[in-house]
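# Notes for the structure review
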Amino acid sequence: MSRKIDFDEFLIFDGAMGTMLQANGMKGGELPESYNLDHPEIIEKIHKSYLDAGADLVTTNTFGANRFKLKDTGLVLEDVITRGVEIARKAAGDKLVALDIGPLGQLMEPYGSLSFETAYEAFKEQIIAGASAGADLIIIETMSDIYEARAAILAATENSNLPVICTMTFQEDGRTLTGTDPLTMVNILQNLGLAALGINCSLGPKEIMPLATEVLKYAKLPVIIQPNAGLPKMVGGKTVFDISPGAFGAYAKQLAEMGVKILGGCCGTTPDHIRAIKEVLKGLKPVKTEPEVITAASSATNTVVLGGKVKIVGERLNPTGKKRLKEALIGGDMGYILQEAIDQKDSGAHILDVNVGLPQIDEKALMVKIIKAIQGIVNLPLQIDSVKPEVIEAGARICNGRPIINSVNGEEKVMAAILPIVKKYGCLVVALTLDERGIPKTAEERLRIAEKIINKAAQYGISKEDIIVDCLVLTASAQQREVQETIKAVRLVKEKLGVRTLLGVSNVSYGLPERELLNRTFLAMALAAGLDAPIINPMDGEMRDTINAFNVLWNHDQDSREFISTYSERKTETLAKRAAKTVDLKKIVVDGLREEAAIAVRELLKSSDGLEIVNAYLIPALDIVGEKYESGEIFLPQLIRSAETVQKAFEVIKEDMLSKSQEQTLHKGKIVLATVKGDVHDIGKNIVKILLENYGYQVFDLGKDVAIEKIIEKVQQEEVSLVGLSALMTTTVKSMEETIKKLRQSCPKCKIMVGGAVLNEDYARMIGADFYGKDAKDAVKLAETVFQKQK
């Protein structure tokens, strides 16, 4: 039985483990988790110091105790976690013990090789070991990828009955490494059965304030904030952080007054920082927050809130009546399917409906495959559309975001099958106003069914804001009278139930001539009645025109800004489309279509030299992608996808050069990359490698936990001009400094750039680096600077 934890009162977590281990003599290169077995007395001492300072619980020393980070260490995962929990329990007595789960240190699909299923299994091992050892709750922390966070949460909720807390780590731009913003984090995670959620690491308390404000605006759960003690710097050869305990406590008080209920510390914090939190909370009572109620679907980087401006659900990924799509689904033509997704996004769709229901295919397997492919290339939320509960569940499980399930209806057996899936995976759901007796003729009967579904959903713990009602469009050719009833039903549902609405608009014109005229006229009527999300073909310009006009006339498009922008630019857009045929390869790279890139390059090679293609198409395309990334138009997954697309193009060009026995070289310079000795985190380094290689550099990736001597040897052997060093842990920055010193002595002409979550520009200078790369795109710029100067 798990212990009951009162999340309505303040809860004080402990502070940094790594900082305290360093203070207790841990050397660079030592694995923190090994101390559970080799030096348990030190771990117990650290736990007690935090408890004595006022912490309500201690976090086990198991942050990196997973199958990937413990590989080749000789440590057994179950032993490390069991001892970690036992030491914490001995120190805590009757206080709480939180099982600490950190990121796996691997890139998730689609921009890495780690599948959702494998990540789930890795987290499951940790959860079972920690729960069996007697942990009271689970803290999943420092997550930078929301897909990984989902895998960890599902592993925790499905394999234990312990309360689960999850925190993500954000960059200064207000997004995680993979592009998730605070609203999207809250919208996805708070519906997965968590006890609390929030933010930890990367930033100091001052920088976290605006992010905390955004989280509190939408969070229905208690919010936890665990900042770093400011920014790191070197003093007397040691890493120190610049926020004093007193200042840290003052920020903690502000956070508490904003509505944060759970407070603690991350990198650089000590028992003194926790003591300061305890002091400032004396006499304070938790502030009751009033989160904004929204109906919202999310991809990993984009949340679409229904209401206000009309939101378009793209209908073109449904094989009904679409011969070419049927052929693509049966034949596995993923290129065609992905292009349909991209075209709908480019045409203005906000959400994509995905239906793969054909009798001659394995619908469940194909749904999973297509969702994985689409979410790797398009950042729109998805609507999972099937009549089979097992297909819906498979899709909802691996969807990277918060999807809409299409659909449930008023039949008791359908509600019993679908609503548990909606609840478990935290989805929105479309409620069709039909039941065992079919589709009612009257609007009032449809309203009654909608109300029945909402009431039944409430019994499963599903809020009515998570339900989107579809009052069902019937054909004017066969059921002309009922067309008006649909419009009336939409109005009644909005007025009586106050929920969002959706309709498959084009059904109305089936079997009649001039379908487009009927569709857009019906659309205008439905929008005026309260339709929030029409399911339409977003590539139908006249339907979009109707929506754009409605947004102006209904005061959703303030000052008609979007309307004016759209129609004043239409001529320019038409001219641009005519010219686009000459730059297809660039668009292919920007869209991230790998297989299409190979085909386009082979075609171009018939008339162009390989290096001409690189310089005229591939590098300019990557520059476009880089600009979009820096402006926040796209995020890391899309950046990596485009880089991988260029890599596919490079492979074709290299094959062509070899076949012609050409001696030309594609690389612009040699670079060594390494995660420094003692650090086993290499996600950031791997991303840098992908981008550098696809900008034409020859990269020697030495991996993680790399000895100084190995780095020097490679630099000398290959006459390398630039080295990139990475470190994530505060405990290994000293190792980075030592590596830089040795490189200076042995390879004085070699330039050094550094990067990692614990670094910044000033800190990089303090440890002797030439450059600080804040992200992968920045690393490319620095490389270009170094090699251009050499030329």
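Conventions adopted
Residues numbered from 1 in each chain as written. Predicted model: local features only at pLDDT ≥ 70, side-chain atom pairs only at ≥ 80, totals over all residues. Heavy atoms only, no water. Helix = DSSP H or I, 4+ residues; strand = E, 2+ residues; numbered from the N terminus. Rg over C-alpha atoms; globule rule 2.2 N^0.38 Å. Buried < 20%, exposed > 50% of the residue type's maximum accessible area, 1.4 Å probe, protein only. Contact = heavy atoms within 4.5 Å. Areas by Shrake-Rupley, 256 points an atom, 1.4 Å probe, with all protein chains shown as cover. Lys, Arg positive; Asp, Glu negative; His and termini not counted. Charge placed at Lys NZ, Arg CZ, Asp CG, Glu CD. Expected span 1.5 Å × (residues − 1). Core = buried A, V, L, I, M, F, W, Y, C linked by side-chain atoms within 4.5 Å. Pairing = 2+ DSSP bridges. Phe/Tyr/Trp six-rings, centres within 6.5 Å; stacked < 30°, edge-to-face > 60°. Salt bridge = Lys/Arg side-chain N within 4 Å of Asp/Glu carboxyl O. Axes fitted to C-alpha atoms, helices over the stretch in contact; angles between N-to-C directions. Parallel < 35°, antiparallel > 145°, perpendicular 65-115°, else oblique. Left-handed = near helix turned anticlockwise from the far one by under 90°. Nonpolar A, V, L, I, M, F, W, Y, C, P; charged D, E, K, R; others polar. pLDDT = per-residue confidence, 0-100. 1 Å grid on protein atoms, 1.4 Å probe; cavity = no way out; pocket = protein on both sides within 12 Å on 5 of 7 lines; lining within 4 Å. Points joined across faces, edges and corners; volume = space filled by probe spheres on them. Polar contact = N/O pair within 3.5 Å; in protein donor to acceptor, adjacent residues only side chain to side chain.

### So, the overall build of the protein chain
- Secondary structure summary: the protein chain contains 30 helices and 25 strands in total.
- Scaling as 2.2 N^0.38, a compact globule of 791 residues should have a C-alpha radius of gyration of about 28 Å, and the protein chain matches this with 28 Å.
- Over its C-alpha atoms, taken along the principal directions, the protein chain stretches across nearly 85 × 75 × 50 Å.
- Within the protein chain, buried positions represent 58% of all 791 residues.
- Taking as baseline every contact in the protein chain between residues at least 6 positions apart, the subset at least 24 positions apart corresponds to 75%.
- Counting only carbon and sulfur atoms, one obtains 50% of the accessible surface of the protein chain, whose full area is about 31,800 Å².
- Charge centroids of the protein chain, computed over 96 positive and 106 negative side chains, lie 1 Å from each other.

### Here we look at helix α28 (residues 733-746)
- Look at α28: 20 Å from first C-alpha to last across 14 residues, which is about the 20 Å you get at 1.5 Å a residue.
- If you check which residues of α28 are buried, you get Val733, Ser735, Met736, Glu737, Thr739, Ile740 and Leu743.

### Looking at the nonpolar core
- Membership of the largest hydrophobic core comes to 225 residues, with the highest contact counts inside it found for Ile140, Leu189, Ile374, Leu585, Leu618 and Leu692.
- The dominant element in this core, judged by the number of residues it contributes, is helix α25 (residues 636-659), at ten residues.
- When residues no more than four places from it in sequence are discounted, the contact partners of Leu618 are Leu585, Val589, Ile613, Val646, Ala649, Phe650 and Ile653.
- Counting residues in each nonpolar core, the second largest holds 30 residues, with Phe700, Leu702, Val720 and Cys750 among its members.

### A look at the pairing of strand β22 (residues 698-701)
- Pairing geometry for strand β21 (residues 670-675) and β22, over four bridges, is parallel. Each residue of the ladder has a partner; that of Lys670, found in β22, is Gln698.

### Let's talk about the packing of aromatic side chains
- Across all of its chains, the model carries four aromatic pairs by this definition.
- A centroid spacing of 5.4 Å and a plane angle of 35° characterise the contact between Tyr697 and Phe787, whose relative ring orientation is tilted. Here Tyr697, found in the loop between α26 (683-694) and β22, pairs with Phe787, found in helix α30 (residues 776-790); they are 90 residues apart in sequence, far enough to count as distant.
- Given a relative accessible area of 5%, Tyr697 falls into the buried group.

### Comments concerning the environment of Ile128
- By the element assignment, Ile128 lies in helix α5 (residues 116-133).
- Separated by 498 residues in sequence, Ile128 and Gly626 place their C-alpha atoms 42 Å apart.

### Digging into the pattern of salt bridges
- In this structure the tally under the stated criterion is 47 salt bridges.
- As a salt-bridge pair, Asp466 and Arg402 come within 3.0 Å of each other at their nearest N and O atoms. With Asp466 in the loop between α16 (443-459) and β18 (467-470) and Arg402 in the loop between α14 (389-398) and β16 (404-409), this residue pair connects regions lying 64 residues apart in the sequence. This pair shows no difference in class: Asp466 is buried, exactly as Arg402 is.
- Taken together, the shared-partner salt bridges connect Asp435, Arg437, Glu445 and Arg448 into one network.

### A closer look at the sheet that holds β22
- Taken together, five strands build an open sheet; the order of strands is β22-β21-β23-β24-β25 and the sheet is parallel. Since the sheet does not close on itself, it has two edges, and those belong to β22 and β25 (771-772), each with one partner.
- Across the sheet, helix α27 (residues 708-718) touches β21, β22 and β23 (722-726), and the angle it forms with β21 is around 175°.

### Remarks on the sheet that holds strand β14 (residues 351-354)
- In space, the eight strands of this closed barrel follow the order β13-β14-β15-β16-β17-β18-β19-β20, with parallel pairing throughout.
- Pairing of β18 with strand β19 (residues 500-504), which is carried by three bridges, proceeds in the parallel orientation. Looking at β19, one finds that Asp470 is bridged to Leu502.

### Examining the packing of helix α18 (residues 515-529) against helix α19 (residues 541-553)
- Running from N to C, α18 and α19 cross one another at 25°; their axes reach a closest spacing of 9 Å. One element, α18, and the other, α19, form an angle in the roughly parallel class. The two elements α18 and α19 cross, and the hand of that crossing is right-handed. Where α18 approaches α19, its residues Glu516, Asn519, Arg520, Leu523, Ala524, Leu527 and Ala528 are matched on the opposing element by Glu542, Met543, Thr546, Ile547 and Phe550.
- Looking at side-chain class alone, the contact of α18 with α19 contains seven nonpolar, two polar and three charged residues.

### Here's the deal with the confidence of the model for the protein chain
- Looking at the protein chain, the pLDDT average stands at 92 and 97% of residues meet or exceed 70.
- Across residues 574-583, where pLDDT falls below 50, the model places two contacts with residues more than four positions away in sequence or in other chains.

### Overview of empty space enclosed by the protein
- Scanning the entire structure with this criterion turns up four cavities of 30 Å³ or more.
- Approximately 110 Å³ is the volume attributed to the largest cavity.
- Taken together, 14 residues form the lining of the largest cavity, with Ala300, Gln375, Asn400, Pro637 and Gln638 sitting closest to its centre.
- Tallied by class, residues from the lining of the largest cavity come to six nonpolar, seven polar and one charged.

### Things to note about the environment of Ser642
- Along the chain, Ser642 falls in helix α25.
- Relative accessible area serves as the criterion here: at 1%, Ser642 is assigned to the buried category.
- For Ser642 and Asn694, which are 52 residues apart along the polypeptide, the C-alpha to C-alpha distance reads 9.3 Å.
- For Ser642, the residues in contact, after removing those within four places along its chain, are Val589, Val590, Gly592, Leu622 and Val625.
- A polar contact of 2.7 Å, which involves the side chain of Ser642, links it to the backbone oxygen of Val589.

### A short note on unusual backbone geometry
- Cis geometry is found at the peptide bond from Glu109 to Pro110, where omega equals 10°.
- Topologically, Pro110 is positioned in the loop between β3 (96-101) and α5.
- For the bond from Asn406 to Ser407, the omega torsion is 25°, close enough to zero to count as cis.
- Examined against the element boundaries, Ser407 turns out to sit in strand β16.
- In this model, Ser202 sits at a positive phi of 65°, which is unusual for a non-glycine residue.
- When you line up the elements, Ser202 lands in the loop between β6 (196-200) and α8 (205-218).
- Judged by relative accessible area, which is 22%, Ser202 ranks as partly exposed.
- The phi dihedral of Glu514 falls on the positive side, at around 50°, and the residue is not glycine.
- Examined against the element boundaries, Glu514 turns out to sit in the loop between β19 and α18.

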